[in-house]
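Overview (structure and organization)
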Amino acid sequence: MTLPLEPIVVVTAANDDYVLPLAVMMRTVSQSLSPDAYVSFRLLTLGLSSESRRRLERSVAGLRTEFQEIRVNPSRLADLKVTGHVSLETYFRLLTPYYLRDVERVLYLDVDLVVRHSVLEIYQEHFEGAHLLAVPHASKRSGFFNSERGVPSYVALGIPGNRRTFNAGVMLLNLEVWRQTNTTALICQYLREYDETVLWWDQDGLNAVLHDKWRPLHPKWNVMTSHFAAFETSEDSLLDATTFNAIRQDPAIIHYSFVPKPWSGHYRGPFQEQWEEAYAEVAPYFVA
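A short tour of the structure in this document, coming up. Every value quoted in this text rests on a predicted model; they were computed, and no experiment measured them. (Residues numbered from 1 in each chain as written. Predicted model: local features only at pLDDT ≥ 70, side-chain atom pairs only at ≥ 80, totals over all residues. Heavy atoms only, no water.)

Another point: unusual backbone geometry. The step from Val259 to Pro260 runs through a cis peptide bond, and the omega angle for that step is 10 degrees. Tracing the chain through its elements places Pro260 in the loop between β10 (253-255) and α11 (272-282). Unlike most non-glycine residues, Asp79 shows phi in positive territory, near 75 degrees. Mapped onto the secondary structure, Asp79 falls in the loop between β3 (65-71) and α3 (96-99). The phi torsion at Phe271 lies on the positive side, around 60 degrees, for a residue other than glycine. Phe271 sits in the buried class, given a relative accessible area of 10%. (Helix = DSSP H or I, 4+ residues; strand = E, 2+ residues; numbered from the N terminus. Buried < 20%, exposed > 50% of the residue type's maximum accessible area, 1.4 Å probe, protein only.)

Quick look at the structure:
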């Protein structure tokens, strides 16, 4: 296969327990692209089993994609809060500037996504000096620093309470600027200093440190099931009616942030049909 000189570089983090949703995400990203584009996945991990790698290879076989497993040394993340369903891997995205020194921009994607429209549109966005681009939270409970589930440290940090927060599941990262400003170290420092108030793990640090250094993406690029499970109308959200209806009918990226996750077999949340359609294409490679 003849490949173009510059791929869309996508970074994510995973372990063996999340290989199935990772395969779904990778396949849907690849399928969303036009025939003249291809994607290079960089998988940050403590190590995947040979069986996991085989299943990933089979899941994207024949598509315009490649993936590279990058073994992470987690020492920079020592003592960061790990609670609930979250594992240490959630912090690996903070290490992207150290492990992807060959690129200046990268699209970070969580593994619990179904991608329905080409991510090339995000990848070609202009930073305009920002450290990252991300989708603002649509929920009133978490959409502002002073929200019920916002960033409690905002008063101590002198951040206006009405400043918007973003979700870290889909981000276009300006790695050149991150490296110049030592951003990862600053975020880790924040997470240790404000450990007792951290609600959303590394996402709290990203929002706190970069509260005035990010630009918004259109809400269609991170439609969170945990939000839409609680939304009956646009008035329940921070979205206008036109945007609310448009992304509910045609989300570009569905983020299965609702618990339980759809691959658990107990999911009854929003966009269940879209998950089942995407899952059906990789399911044969995960049969014991």
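Here we take up the side chain of Ser59. Looking at the secondary structure, you find Ser59 in helix α2 (residues 50-59). Discounting chain neighbours no more than four positions away, the residues touching Ser59 are Ala23, Arg27, Val282, Tyr285 and Phe286. (Contact = heavy atoms within 4.5 Å.)

To continue, consider the side chain of Thr45. Its place among the elements puts Thr45 in strand β2 (residues 39-45). Residue contacts for Thr45: discarding those within four places in its chain leaves Ala14, Glu69, Ile70, Arg71, Val72 and Phe92.

This brings us to the packing of aromatic side chains. Two aromatic rings are characterised by how far apart their centres lie and by the angle between their planes. This model, assessed by the stated rule, comprises 13 aromatic pairs. Taking the centre distance of 4.8 Å and the plane angle of 25 degrees together, the rings of Tyr190 and Tyr194 count as stacked. Residue classification places Tyr190 among the buried residues on the basis of a relative accessible area of 6%. Looking at Tyr194, the relative accessible area reads 19%, which means it is buried. (Phe/Tyr/Trp six-rings, centres within 6.5 Å; stacked < 30°, edge-to-face > 60°.)

The next point concerns the sheet that holds β3. The strand order across the open sheet formed by seven strands is β3-β2-β1-β4-β7-β6-β8, and the pairing between neighbours is mixed. Of all strands in the sheet, those with a lone pairing partner are β3 and β8 (214-216), marking the two edges. Direction aside, neighbouring strands of the sheet carry axes that sit 30 degrees apart on average. Of the pairings in the sheet, the one linking strand β1 (residues 8-13) to strand β4 (residues 105-109) comprises two bridges and is parallel in character. Bridged to Val11 within β4 is Tyr108. Along the sheet face, helix α8 (residues 202-209) touches β6 (132-136) and β7 (166-174) and points at about 60 degrees away from the line of β7. (Pairing = 2+ DSSP bridges. Axes fitted to C-alpha atoms, helices over the stretch in contact; angles between N-to-C directions.)

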